[in-house]
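Architecture and fold: a report
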Amino acid sequence: MSRNFELFRQLGRVQEILQEPEKPSPALVEEQLVESLLPTTTFAAQGNVREEVIKLVRNLFFVPGAEAPRHVVFAGTESGTGCSWICAHTAEVLAAQVRGSVCLVDCNLRAPSLHERFNAPNHHGLSDALASSDSIEPYLHRLSPSNLYLLSSGSVQEGVEALLASDKMRSRVTELYAQFDYVLFDVASLKTCNDGVVLGRSADGIVLVLRANSSRRETALKAVQELKATKVEVLGAVLNQRTFPIPDAIYKYL
């Protein structure tokens, strides 16, 4: 096990998820980036991704001696961090770990993707529910495991900028909190819009997703400072798509 793992584990609550990078990019993130920003953890193995997602879920939602969050926003510091991937897999593993109900909400109305990940329809979803006075029930899709639900982004495309900050959205969020034990929101990047801030105020906090070797130190610092200034709780960070020069098997003995 690497020394970095030991160091970051002492500091944080959120586990780093590793994916193969979609394409190479300049090395812009320093080794100590996330350590200097906020609580986080890292690990040094590229295999067994699901096992590492399980660690993320346990460190985030099952905090000993503290009131663990139940309503969490996932937001990338910029586009292309893999935030939707992280949020979707976290929801799946969480649902498999708890008896309560879990709802995954696609709030990235500009570039929705969760319905594609779960092969679910998107003609009725969040944006449609915001234009309706019906119960939220008809807009939910039951997934696997059976206690996991998806509220996709929906079909409405006009005026998306105002939808998530509307009184109707606040009403729908209250409805979701009353119906589900856990609610996870996937939002557009903080660099794109302030949806993460808007939803973060009504949630227990926000998890930032950064992309290794791509996310700039200045961008991440600015995101943390703005969130704290708006009184949004920063629960931790996920440093995604990081690669290591040493093979998995060797890391087991470090």
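A short tour of the structure in this document, coming up. (Residues numbered from 1 in each chain as written. Predicted model: local features only at pLDDT ≥ 70, side-chain atom pairs only at ≥ 80, totals over all residues. Heavy atoms only, no water.)

**Notes on the sheet that holds strand β2 (residues 102-106)**
What holds strands together in a sheet is hydrogen bonding between their backbones, with the strands either parallel or antiparallel. Here we have seven strands laid out as an open sheet, ordered β3-β4-β2-β5-β1-β6-β7, and mixed in their pairing. Two strands lie at the open edges of the sheet, namely β3 (141-142) and β7 (234-240), each paired on one side alone. As paired elements, β3 and strand β4 (residues 148-151) share two bridges and run antiparallel to each other. Pairing of R142 across the sheet is with Y149, part of β4. Those strands touched by helix α4 (residues 83-97) are β1 (71-76), β2, β4, β5 (182-186), β6 (205-211) and β7, and its axis lies near 165° from that of β5. (Pairing = 2+ DSSP bridges. Helix = DSSP H or I, 4+ residues; strand = E, 2+ residues; numbered from the N terminus. Contact = heavy atoms within 4.5 Å. Axes fitted to C-alpha atoms, helices over the stretch in contact; angles between N-to-C directions.)

**Describing the packing of aromatic side chains**
Counted by the stated rule, this structure contains three aromatic pairs. Look at F61 and Y182: their rings are 5.8 Å apart centre to centre, the planes differ by 85°, and that puts the pair in the edge-to-face class. Of the two residues, F61 is situated in helix α3 (residues 49-61) and Y182 in strand β5; the sequence distance between them amounts to 121 residues. (Phe/Tyr/Trp six-rings, centres within 6.5 Å; stacked < 30°, edge-to-face > 60°.)

**A word on the pattern of salt bridges**
Side-chain pairs of opposite charge can arise whenever the charged atoms involved come near each other. Inspection of the entire model under this criterion finds three salt bridges. For R170, the salt bridge goes to D167, with nearest N and O atoms at 2.1 Å. You can see R170 and its partner D167 sitting in helix α8 (residues 167-179), three residues apart, about one turn around the helix. Given the relative accessible area of 47%, R170 is considered partly exposed. Relative accessible area serves as the criterion here: at 59%, D167 is assigned to the exposed category. (Salt bridge = Lys/Arg side-chain N within 4 Å of Asp/Glu carboxyl O. Buried < 20%, exposed > 50% of the residue type's maximum accessible area, 1.4 Å probe, protein only.)

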